[in-house]
Every structure is written in structure tokens, then in C-alpha cells.
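# Remarks on the overall topology
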Amino acid sequence: MSKKLYIETLGCAMNERDSAHMIAELEEKEFYSLTDNPKEADLILINTCSVREKPEKKLFSEIGQYVKIKKQGAKIGVCGCTASHLGDKILKRSKAVDFVLGARNVSKISQIIHQKRVAWVDIDYDDSTYVFSQNQHSALKGMINISIGCDKKCTYCIVPHTRGNEISIPADLILQEARRLVDSGTKEILLLGQNVNNYGKRFSSAHRAIDFTQLLNEMSQINGLERIRFTSPHPLHMDDNFILEFAQNPKICKAIHMPLQSGSNEILRKMRRGYSKEWFLNRVEKMRGLVPELSIGTDIIVGFPTESEEDFLDTLDMLEKVRFDTMYSFIYSSRPHTEAHHWLEEEQVHLVDEYIAKERLNRLKDRHKEILTEDNAKQIGKIHQVLVENYDVQNLWLEGRSNTNKLVRIRTDKNLIGAMCDVKITEVKGAQLMGELV
Ligand code: SAH
Ligand code: SF4
Ligand code: F3S
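Residues numbered from 1 in each chain as written. Chains lettered and ligands numbered in written order. Predicted model: local features only at pLDDT ≥ 70, side-chain atom pairs only at ≥ 80, totals over all residues. Heavy atoms only, no water.

### Structural notes on empty space enclosed by the protein
Tallied over the entire structure, the rule returns one cavity of 30 Å³ or more. Empty space within the largest cavity amounts to approximately 30 Å³. Considering the residues around the largest cavity, the lining is formed by Leu10, Thr48, Cys49, Pro55, Glu56, Leu59, Glu62 and Thr82. For the lining of the largest cavity, the class distribution of residues is four nonpolar, two polar and two charged. (1 Å grid on protein atoms, 1.4 Å probe; cavity = no way out; pocket = protein on both sides within 12 Å on 5 of 7 lines; lining within 4 Å. Points joined across faces, edges and corners; volume = space filled by probe spheres on them. Nonpolar A, V, L, I, M, F, W, Y, C, P; charged D, E, K, R; others polar.)

### Some points on the layout of surface pockets
There is about 450 Å³ of room inside the second largest pocket. Around the second largest pocket, the lining is made up of 20 residues, and of these Pro292, Glu293, Leu294, Asp325 and Gln379 lie nearest the centre. Listing elements by their share of the lining of the second largest pocket, those giving two or more residues are helix H14 (354-377) and strand E15 (383-392). Among the elements that make up the lining of the second largest pocket, the one with the highest residue count is E15 (three residues). Built from parts of two domains, the lining of the second largest pocket gets at least three residues from each of domain 2 (141-377) and domain 3 (383-437). (Helix = DSSP H or I, 4+ residues; strand = E, 2+ residues; numbered from the N terminus. Domains from an automatic or database assignment.)

### A closer look at the sheet that holds strand E7 (residues 141-145)
An order of E7-E10-E11 is seen for the three strands of this open sheet, with the pairing classed as parallel. Edge strands, defined here as strands with exactly one partner in the open sheet, are E7 and strand E11 (227-231). Going across the sheet, the axis of each strand differs from the next one's by a mean of 25°, ignoring polarity. Sitting on the sheet, helix H1 (residues 13-30) is in contact with E7 and strand E10 (188-192), with an inclination near 100° to E7. In the packing of helix H8 (residues 212-220) onto the sheet, contacts are made with E10 and E11, and the angle to E11 comes to roughly 155°. (Pairing = 2+ DSSP bridges. Axes fitted to C-alpha atoms, helices over the stretch in contact; angles between N-to-C directions. Contact = heavy atoms within 4.5 Å.)

### Some remarks on the packing of H8 against helix H9 (residues 240-248)
The geometry of H8 relative to H9 is characterised by a closest axis approach of 9 Å and an angle of 20° between their N-to-C directions. The orientation of H8 with respect to H9, classified from their angle, is roughly parallel. Crossing handedness for the pair H8 and H9: left-handed. Contacts between H8 and H9 involve Phe212, Thr213, Leu216 and Asn217 from the first element and Asn241, Phe242 and Glu245 from the second. Its residues assigned to classes, the contact of H8 with H9 comprises three nonpolar, three polar and one charged. (Parallel < 35°, antiparallel > 145°, perpendicular 65-115°, else oblique. Left-handed = near helix turned anticlockwise from the far one by under 90°.)

### Comments concerning the UniProt feature "domain: TRAM" (unreviewed entry) in the protein chain
According to UniProt, the positions carrying the feature "domain: TRAM" (unreviewed entry) are residues 377-438. The span residues 377-438 shows a helical share of 2% and a strand share of 60%, and its end C-alpha atoms are spaced 20 Å apart. (UniProt positions renumbered as here; feature names shortened; annotations may be inferred.)

### Observations regarding the sheet that holds E15
Reading around the circumference, E15-E16-E17-E19-E18 is the order of the five strands in this closed barrel, with mixed pairing throughout. Shown here is a sheet whose adjacent strand axes are inclined to one another by a mean of 50°, direction ignored. Strand direction decides the pairing type here: E15 and strand E18 (residues 420-429), joined by five bridges, are antiparallel. By the bridge assignment for E18, isoleucine 383 is matched with lysine 424.

### Thoughts on the side chain of glutamine 379
Within the element layout of this structure, glutamine 379 appears in the loop between H14 and E15. Residue classification places glutamine 379 among the buried positions, given a relative accessible area of 11%. The residues touching glutamine 379, leaving out its near neighbours within four places in the chain, are His384, Lys406, Ile425 and Leu433. (Buried < 20%, exposed > 50% of the residue type's maximum accessible area, 1.4 Å probe, protein only.)

### Observations regarding the nonpolar core
One finds Leu191, Met219, Phe230 and Ile256 to be the most contacted residues of the largest nonpolar core, which totals 55 residues. No other element matches helix H7 (residues 171-183), which puts six residues into this core. Excluding anything up to four places from it in sequence, isoleucine 256 contacts Phe230, Pro233, Met238, Phe242, Phe246, Met287, Leu294, Ser295, Ile296 and Gly297. Among the nonpolar cores identified, the runner-up in size contains 17 residues, and Ile7, Leu26, Ile109 and Phe132 belong to it. (Core = buried A, V, L, I, M, F, W, Y, C linked by side-chain atoms within 4.5 Å.)

Here is the structure:
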């Protein structure tokens, strides 16, 4: 019988991709098979996130839960960003943890599982040219890392500390992986990086000159690949050249994530985002001018130190102006190894009162909900191209995502998984679009 692997993945798409890599490595090299029941696992991996304090705090109680239910002799490994950040402190605090593997070191998973009580969290480690084992399961949607790390050093963000300097993955490796996925049945590829559109600035060895726009173009020439998505691009690097390619290339999905963080120029400057709200709006207008159906998503932080009511009103104003299709919003969380954290420690600035920050977050979310309801109502009668991913036999509907990344359900008794269908929207329930085949 093969050994069983249970893996819990927190955090962002990068972590999901890292988990997929670790699963593939362990399946191929160590003959594990995946289970969704931690009680029967021989190896339990927790792939952690440390972008905010709360999930990081929960780590040790989670380890405690696994210790209670795990099989005798089963190993526990802590991977990902909290592993990078806390390193062997995790081993010191919990006797139950067998190893700690940093986010920058995932390619060493099949070696570290044979070690006892070690922490491998080398932040300078470069696995940008490592060819991971291939996932055995074919899938309609695939993910490919195009860069690792981040050079930006926004003043609130711990990611550069957990994932290290930015290195682009060689284009030939990316394109080769994309071709392999497409040959195995993948129709949609999601390109991943903390800063995808900074692609090509630095490789670990000599490489032909190439930027993100060119990479998108080369990838779109792969026969059989139908859709390309990417996350996260940085608003600062959305130049005209990129916008033209984005608008004109039919394989690039017309949904884009534009993390605004704040609508106040003063706060943006303190966050070191490198753009102003005027630049952000100018990019939005340019893109919407070329792609009227464009869907725009964003991330917002409220309560960044020194944020005043006026600053927050600037953020609300950006929400009114852009009317984001999706919005992830968070209360600022002070993270070690960040500049803003040092300002707080040195008392140069103070945290925004928790009650005020919560109230701002609620106001922002409430207004966004109203905007979504208003905008979704306008979807009725529109036709979307949907890649069908699931068939719900009980409810007799298909589920998939539109080109603009909206979740669409299609009432039909036909199983069309894998098909690209034109769907007319007939009903809207919250954020949920219902439609029929045309
Ligand atoms: N590279 C991406 C962000 C990755 S982190 C980008 O630049 O857009 C994902 C999101 O978490 C960020 O966009 C930000 O909104 C949020 N975030 C990061 N650090 C945070 C902090 N210290 N407190 C609260 N939210 C934070
Ligand atoms: Fe963090 Fe900024 Fe890098 Fe995004 S761009 S990962 S927010 S430092
Ligand atoms: Fe979290 Fe690391 Fe991603 S901190 S958001 S898992 S890059």
C-alpha cells in the first residue's frame, strides 16, 4: 500500500502552486498518494501563510489538533511563508513538528521528509530552473509560476522576507510546461508571480531579453491553449504596450487584478506602492476604453498607520470610480521585518484604532456589495463565453467561469465538462449568474 499524504494549503495562489509541486514530487519520487483525511495520513504538511498575523497565530493550535488525531508515527511538516519567517523557532515551540521547509525551498521536499527535526529556510536558494515532477492528474485549468520572490518592498508586506528576491523563470521552461499541460488536456493557464508583469527583469543566468507582454504573446501562440490568465500584476508596470496586448489578444481573459491598496496618494506613498491614484485611474480608463466588458479585481488595506477619515474617503471614492468586480479587503496587520512595523516600534506612527479600522472595513464592504448588486443586474441578457468545469447532477446545472472570471451556472441536463459554451444570462442571485446555452 502506498503511503498517504495530507496537505493543508493556506494563503495565495503561489502557495497552491507550491502545494501542487510538493504533491507531484512526493507522488513520483516517494510513492505517496493524496488523502483528504488527516487521520489516515503518514505525512501531514501545513503550507502556511504569514501575510497577516492571525493565520500565523493559529499555526500552533492547528499543529495541536493534528497531533491529537494523527496515526502513530505519522510525520508533520510545516512549509510555506510562516516556515520561512519563523524557521527553527517552530521546532523549538513544538516538539511534534518533524521539519520546517521555507517557501523558497519547496523543491527539497522529497529530501527533507527523511530528515529529523530540521529547518531548511534558505532565503537565497534559487530553484527557478528546477524542473518539478509532473502532476499525474490532467486538468482543464493549470497554473505555472513565472517568477519567484518579490523586489518591491511595500512597507506593510512580509512577502519579500518570506520569498526572497525576485527571479524570473526561464521562458523556455515556462513555454515547455505550458505545451505539456495543453497536450494533457489543459485549456486554461494561470501564470503566477507576486509581480507577474515585472517578468524578465532578472534571471539566475544569461537569458534572452523578454518582458511579460512578450511572454504572453509567445504563450498565446500555443495551439490548443484557449485561455490565459495571470496574477498578480502590479499597477505600476501596466504600460501601454502591455495594455494593447492584453486588449487585442483574444486568448488573454478579460479579467485583471489591480491591487489598489489605498485610494489616498499620501497613504500610497507611505506604502511605497510607486503609483498615484491618478495613474491607477488612467490605466483603468485606458483598459476599459479598449475592453468595455473588462472585469477588474482589487485588494484594499484599511487602517494603514496614519490613515485619516479623509484618506479613507479617497479609497471609497476610488471604489465609486472603478466599481471593482471583486474586492479583497483587509485591516492592516503589522508584520515583523517590514518598514511600517519599525515605524510603529519606534513610535514614529501609531496604529489606527481597531474600532475605527473595523468600521471603515465594514463601510467599504457594504458599499462594494451594493455596487455588485447594481452591476450584476446589468448582466441579464448578456452573452458570456464559459469554460465548463463541473456538472452538478442533483441540481441539473453546469458550472464554469466566464472569460471575465465570473462564476456562471447553466441550467441544462447535458454534461458538457471541458466545453467552451456561449451562455445567455437569465437570472442573477447575489454574485451568482444563472444562464442558458445559446
Ligand atoms: N503581490 C501582491 C500581493 C500579495 S499579498 C500585490 O502586490 O498585489 C496579498 C494582499 O494581502 C495584498 O495585496 C494586500 O492587500 C494584503 N496584505 C499584505 N500585507 C498586509 C498587511 N500587513 N496587512 C494587511 N493586509 C496585507
Ligand atoms: Fe508584497 Fe508589495 Fe511585493 Fe506585493 S508587490 S508581494 S504587496 S512587497
Ligand atoms: Fe501568504 Fe506567502 Fe502568499 S505570506 S499571501 S502564502 S506569498
